[in-house]
Amino acid sequence: MLTKTKIYLSSPHMGGSEESYVKLAFDTNWIAPLGPNVNGFENDIENYLGDKKVAVLSSGTAAIHLALELIGVSKSDEVLCQSFTFSASANPIIYQGATPIFIDSEPETWNMSPELLEIAIKDRIENYKKPKAIVAVHLYGMPYKVDEINAIARKYDIPLVEDSAEALGSSYFNRKCGTLGTYGILSFNGNKIITTSGGGALIAPDVTSKEKAVFLSTQARDDAPHYEHSNVGYNYRMSNVLAGIGRGQMEVLDERVEARRKNFEFYKQNLEHHQNIEFLEEPQGFYSNRWLTCIKTRSFEERERIRLALLKQDIESRPLWKPMHLQPIFKNCLNFTNGISESLFEKGLCLPSGSNLNEQDLYKIITIINNTLK
Ligand SMILES: *Cc1c(COP(=O)(O)O)cnc(C)c1O
């Protein structure tokens, strides 16, 4: 249950016009899956991103799954995936019967290390297993090193899935995140920067691949009066009711980015005097939506002291993502690591970062942290 006093890590924040789009769906009885809000939401995202085609889906995970399917990833293929991420980046590789191989992070953006990526590709090619795809992630909204990663993908001619689930509103040298890979994906899960309560999108390079994604996401029905299938389909399309929420959320996306970036600045200004706390800075040309503000402390014990002190006051914070190569489910997967994601997991903490936090909430949080570190 939502209570007034609890402070959440990242809770939904409606803008105001969502209900009118949802009401439109009710008024016109477009409750059954498809309808004008679906097309409208896709148009809104396409206008925002520019020069790409968008298919809205039931989740970001579904979008990654379809991206891998469209690339042709199948049984016995290997896919290189950022280790420092949420499990949904990697699970669809397993859905396809393929094998994930995990790549550690570099220290500037905490995302996929271009150096380790190339080492891994060379290793796999030497073993006659050229990787079929790469999944790179803009974690916490911070763009990965796009030029370096793209150059390697191009050099070895490997398609790239850009997991932009946490990075709608971020950009790399003024190019929007989500548009920088072979396919991009977005998530509108309840904790993301904008939400449809649950949902996602596939960002495709052209109309043909978008249409293919829509076809697969609606049970792959061939053109016939009866139900005819020559492909395995999925039930992955976004509903017209939820797309209505998305239309309202797109109207306030820029404000949401601004509010989250302000949270980051507030935390930084009020905590950076502690020499034991590090913030993730934007390299030149990198623009993060600051989905979650993350800090790195000096030790696991210190991180836990802060987390538990916040919890005692009913404030939610969370350790950084546990790397995939340390997850029980992926323990037998090959990995190329350098210790960076392990150290981030050990010492890092996500602070409450919702766009709906007020000044009082923020002061309460920094006061607790300051007292803990005194
Ligand atoms: C949220 C998230 C996903 C999955 O999106 P869902 O809409 O929850 O399925 C994938 N990758 C990352 C990095 C995420 O944070």
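Residues numbered from 1 in each chain as written. Predicted model: local features only at pLDDT ≥ 70, side-chain atom pairs only at ≥ 80, totals over all residues. Heavy atoms only, no water.

Asks: Teacher, can you tell me more about the overall build of the protein chain here?
Replies: A tally of helices and strands in the protein chain yields twelve helices and 15 strands. The C-alpha atoms of the protein chain give 21 Å as radius of gyration, which agrees with the globular expectation for 374 residues (21 Å, within 12%). Going through the 374 residues of the protein chain one by one, you find that 56% of them count as buried. At a minimum sequence separation of 6, the contacts of the protein chain that also span at least 24 residues come to 72%. For the protein chain, the accessible area works out to roughly 16500 Å², and carbon and sulfur atoms hold 50% of it. In the protein chain, 40 positive and 46 negative side-chain charges are present, and the distance between their average locations comes to 4 Å. (Helix = DSSP H or I, 4+ residues; strand = E, 2+ residues; numbered from the N terminus. Rg over C-alpha atoms; globule rule 2.2 N^0.38 Å. Buried < 20%, exposed > 50% of the residue type's maximum accessible area, 1.4 Å probe, protein only. Contact = heavy atoms within 4.5 Å. Areas by Shrake-Rupley, 256 points an atom, 1.4 Å probe, with all protein chains shown as cover. Lys, Arg positive; Asp, Glu negative; His and termini not counted. Charge placed at Lys NZ, Arg CZ, Asp CG, Glu CD.)

Asks: Is there a simple way to think about the sheet that holds strand β12 (residues 293-296) in this case?
Replies: Strand pairing in a sheet relies on backbone hydrogen bonds. The paired strands run either parallel or antiparallel. Taken in spatial order, the four strands line up as β10-β12-β15-β13 in an open sheet, and their pairing is antiparallel. Each edge of the sheet is formed by a strand with only one pairing partner; in this case those strands are β10 (278-279) and β13 (318-319). Bridge analysis of β12 against strand β15 (residues 348-351) gives four bridges, and the strand direction is antiparallel. Note on β15: the bridge partner recorded for K296 is G348. Helix α11 (residues 340-347) rests against β12 and β15 of the sheet, and its axis sits at about 60 degrees to β15. (Pairing = 2+ DSSP bridges. Axes fitted to C-alpha atoms, helices over the stretch in contact; angles between N-to-C directions.)

Asks: Please explain the site of the ligand as it appears in this structure.
Replies: In the vicinity of the ligand there are 15 residues, among which T61, D163, E166, S187 and K192 approach most closely. One of the side-chain nitrogen or oxygen atoms of T61 is found 2.5 Å away from an oxygen atom of the ligand. In the environment of the ligand, an oxygen atom lies 2.5 Å from a nitrogen or oxygen atom belonging to the side chain of E166. In the complex, the protein chains occlude 93% of the 380 Å² of accessible area that the ligand would expose alone. (Near = heavy atom within 4 Å. Polar contact = N/O pair within 3.5 Å; in protein donor to acceptor, adjacent residues only side chain to side chain.)

Asks: Explain the pairing of strand β9 (residues 200-204) here, please?
Replies: Where a strand is regular, its side chains alternate between the two sheet faces. Across the five residues that make up β9, a large majority, five, are buried. Residues G200, L202 and A204 point to one face of β9 and A201 and I203 to the other, with burial holding for every one of them.

Asks: Which parts of the structure should I look at to understand the packing of aromatic side chains?
Replies: Here the structure, examined in full by the defined rule, presents 13 aromatic pairs. Consider the rings of Y172 and F173, whose centres lie 5.0 Å apart with planes at 80 degrees: the pair is edge-to-face. Within the aromatic cluster, the residues linked to one another by ring pairs are F84, F86, Y140, W291 and W321. Here K176 stacks its cationic end above the ring of Y48, 4.7 Å away from the centre of that ring. The ring centre of W291 lies 5.9 Å from the NZ or CZ of K192, which sits over that ring. (Phe/Tyr/Trp six-rings, centres within 6.5 Å; stacked < 30°, edge-to-face > 60°. Lys NZ or Arg CZ within 6 Å of the ring centre and 35° of its normal.)

Asks: Teacher, can you tell me more about the environment of R247 here?
Replies: Mapped onto the fold, R247 is located in helix α8 (residues 240-250). Considered as a pair, R247 and Y267 are 20 residues apart in the sequence and their alpha carbons are 31 Å apart. With residues up to four places along the chain from it excluded, the contact list for R247 reads Y21, N37, G40, F41 and D44.

Asks: Sorry, what's going on with the domain arrangement of the protein chain here?
Replies: Interfaces are frequently sized by the accessible area removed from exposure as the parts join. Entries for the protein chain in the domain assignment read domain 1 (18-250) and domain 2 (253-373). The interface is formed by 47 residues belonging to domain 1 together with 37 residues belonging to domain 2. Counting the surface lost from both domain 1 and domain 2, the interface buries some 3800 Å², and carbon and sulfur atoms represent 68% of this. When residues of domain 1 are sorted by the area they lose upon contact with domain 2, W110, Y140 and I193 head the list and together hold 22% of the total. Viewed at the interface, domain 2 and domain 1 are joined by 21 residue pairs in polar contact (both at pLDDT 80 or more). When contributions to the side of domain 1 that touches domain 2 are tallied by element, the ones reaching two or more residues are α4 (91-95), β3 (99-103), α5 (114-126), β6 (171-172) and α8. (Domains from an automatic or database assignment. Buried area = accessible area lost by both parts, 1.4 Å probe.)

Asks: What is the right way to look at the environment of G60 in this model?
Replies: Looking at where G60 falls in the secondary structure, it is placed in helix α3 (residues 60-71). Assessed through its relative accessible area of 8%, G60 is described here as buried. Setting aside chain neighbours within four positions, we find G60 in contact with I185, L186, S187, G199 and G200.

Asks: Looking at this structure, how should I read the sheet that holds strand β4 (residues 133-137)?
Replies: The strand order across the open sheet formed by eight strands is β1-β9-β8-β5-β4-β2-β3-β14, and the pairing between neighbours is mixed. Sheet topology places β1 (53-57) and β14 (335-336) at the edges, where each strand pairs with a single neighbour. The sheet contacts of α3 involve β1, β4, β5 (160-163), β8 (183-187) and β9, and relative to β8 the element is tilted by about 165 degrees.

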